[in-house]
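# Architecture at a glance
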Amino acid sequence: MEKELYDIPTQARLCYEKNKGLILPDKVPYIGMGSSYYAAVTLRYLGVKIFPELAGEYFHYIRTLKQFENAVLISQSGRTTDVLNCATCFKEFTAIVNDVNSPLVHLPNLKLAVPIYAGDEFFSSTKTFINTLIALYLGHGFDIKNVLDSIDRRFSEFELTGNSIANTLFKSIKKHRARCVILGSGPNIGTAYQAALMLSESLKYPFVGMPLSQYEHGYKETAEDTVVIVINPSKGVMYNRTNKLMDLLRNVNANVLEVNDAEMEENF
């Protein structure tokens, strides 16, 4: 898994170069499970006119309404059963996949396959999550070249930040068996969800990701002795609100770990 993390800059650049000029549809559902769904959530909170949907729930509860003829189906493996089921709900669909030889790409109503070029991935979604985001950003007209340059240039910095957070987490879990919550706002909600999924899956220890505003509505009452990782934009509409919440959490003995980045816009 560590090797796959170190492959992120190279595979991200490949996805960018191969998908330049991509145009993805708007005003249609973007359907996936797990990290594929979380990537779509990120774009929704950038104001992109798409409708992120959980594939399993869409298939069982929404498909009979016949609201759309087209959709974008996201499955990094191209083998997710719930996503494959959803293909039957539409006249045609666009597939965002890592494996262009997967069953999703061979369905008869496929309109367009968008490969994400993440390479082999045998552990939690790391490269595939990043490259799915890249495809979505490109497909909706966002200029992300500076973001990729930053990843290349600062990857060792990110590693140091990760090591620091990991050491604190390990000590808290070992000492208190502490509950762990990851909070984000706007486009960072998708990242909070993804981080919680990846950490839970990899460490076999429960992490919960949620919007910061939702956490304020009741969940904050459980903060004592928890570890709360906050993705805090260095500026923007939620900056002051986020700082006030962190102060409140520290006052009730929560271990608050802040992740922020002054170099990049909140959108990225």
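Now for a look at the structure at hand. In this text the structure is predicted, and so the values were computed from the model without any measurement. (Residues numbered from 1 in each chain as written. Predicted model: local features only at pLDDT ≥ 70, side-chain atom pairs only at ≥ 80, totals over all residues. Heavy atoms only, no water.)

### Let's talk about the nonpolar core
- Y30, L43, I96, I134, L136 and I144 are the most contacted members of the largest nonpolar core, which has 38 residues in total.
- Broken down by element, this core gets its largest block of residues, seven residues, from helix 6 (residues 127-139).
- Not counting residues up to four positions away in its chain, the partners in contact with I144 are Y16, I134, Y137, L138 and F268.
- L73, V83, C89 and V97 belong to the second largest nonpolar core, which has 16 residues in total. (Core = buried A, V, L, I, M, F, W, Y, C linked by side-chain atoms within 4.5 Å. Buried < 20%, exposed > 50% of the residue type's maximum accessible area, 1.4 Å probe, protein only. Helix = DSSP H or I, 4+ residues; strand = E, 2+ residues; numbered from the N terminus. Contact = heavy atoms within 4.5 Å.)

### A closer look at unusual backbone geometry
- One non-glycine residue with positive phi stands out, namely K66, at about 50°.
- In this fold, K66 is placed in the loop between helix 4 (55-62) and strand 3 (70-74).
- Of note, the phi angle at Y117 is positive, near 55°, even though the residue is not glycine.
- Its location among the elements puts Y117 in the loop between strand 5 (110-115) and helix 6.

### With respect to the sheet that holds strand 9 (residues 255-259)
- Spatially, the four strands line up as an open sheet ordered 7-6-8-9, and their pairing is parallel. Both outer strands of the open sheet, strand 7 (207-211) and strand 9, are each paired with one neighbouring strand and no more. Ignoring strand direction, the axes of neighbouring strands in this sheet form an average angle of 20°.
- With five bridges joining them, strand 6 (residues 180-184) and strand 7 adopt parallel strand pairing. (Pairing = 2+ DSSP bridges. Axes fitted to C-alpha atoms, helices over the stretch in contact; angles between N-to-C directions.)

### Observations regarding the packing of helix 2 (residues 8-18) against helix 7 (residues 145-176)
- Two numbers describe how helix 2 lies on helix 7: the axes approach to 10 Å, and their chain directions differ by 165°. If you check the angle between helix 2 and helix 7, you find them roughly antiparallel. Like other packed secondary-structure pairs, helix 2 and helix 7 cross with a definite hand, here left-handed. Here I8, P9, A12, R13 and Y16 of helix 2 come into contact with helix 7, specifically with K145, L148, D149, I151, D152 and F155.
- Grouping the amino acids of the contact of helix 2 with helix 7 by side-chain chemistry returns seven nonpolar, no polar and four charged. (Parallel < 35°, antiparallel > 145°, perpendicular 65-115°, else oblique. Left-handed = near helix turned anticlockwise from the far one by under 90°. Nonpolar A, V, L, I, M, F, W, Y, C, P; charged D, E, K, R; others polar.)

### As for the pattern of salt bridges
- For the structure shown, the criterion picks out 13 salt bridges.
- Between R13 and D152 there is a salt bridge, with the nearest N and O atoms lying 2.5 Å from each other. Of this pair, R13 sits in helix 2 while D152 sits in helix 7, and the two are 139 residues apart along the sequence.
- E92 is paired through a salt bridge with K111; the nearest N and O atoms lie 3.8 Å apart. Placement of E92 in strand 4 (residues 92-97) and of K111 in strand 5 is noted, with a sequence separation of 19 residues between them.
- One salt-bridge network, held together by shared partners, links R153, R154, E157, D261 and E263. (Salt bridge = Lys/Arg side-chain N within 4 Å of Asp/Glu carboxyl O.)

### Quick word on the packing of aromatic side chains
- If you walk through the whole model with that rule in mind, you get nine aromatic pairs.
- For the pair F51 and F68, a centre-to-centre distance of 5.7 Å together with 40° between the ring planes defines the contact as tilted. With F51 in strand 2 (residues 51-54) and F68 in the loop between helix 4 and strand 3, this residue pair connects regions lying 17 residues apart in the sequence.
- Accessibility expressed as a relative area gives 33% for F51, which makes it partly exposed.
- One aromatic cluster is present, built from ring pairs that chain together Y37, Y38 and Y193. (Phe/Tyr/Trp six-rings, centres within 6.5 Å; stacked < 30°, edge-to-face > 60°.)

### A closer look at the sheet that holds strand 1 (residues 29-32)
- The strand order 2-1-3-4-5 describes an open sheet built from five strands, whose pairing is parallel. On the outer flanks of this sheet lie strand 2 and strand 5, each paired with one strand and no other. Direction aside, the axes of adjacent strands within the sheet are offset by 25° on average.
- Sheet analysis places strand 1 next to strand 3, joined by two bridges and oriented parallel. Following the sheet pairing, I31 is matched in strand 3 by L73.
- Across the sheet, helix 3 (residues 35-44) is in contact with strand 1, strand 2 and strand 3; its angle to strand 2 comes to roughly 160°.

### Here's the deal with the side chain of T132
- Structurally, the position occupied by T132 is in helix 6.
- Using a relative accessible area of 0% as the deciding quantity, one classes T132 as buried.
- Beyond its immediate sequence surroundings of up to four residues, T132 is in contact with A39, I74, Q76, I96 and I116.

### Notes on helix 3
- Burial of helix 3 is extensive: nine of the 10 residues sit out of reach of the surface.
- Three or more residues of helix 3 are buried, namely S35, S36, Y37, Y38, A39, A40, V41, T42 and L43.
- Of the surrounding secondary structure, the elements contacted by the buried residues of helix 3 are strand 1, strand 2, strand 3, helix 6 and helix 8 (188-203).

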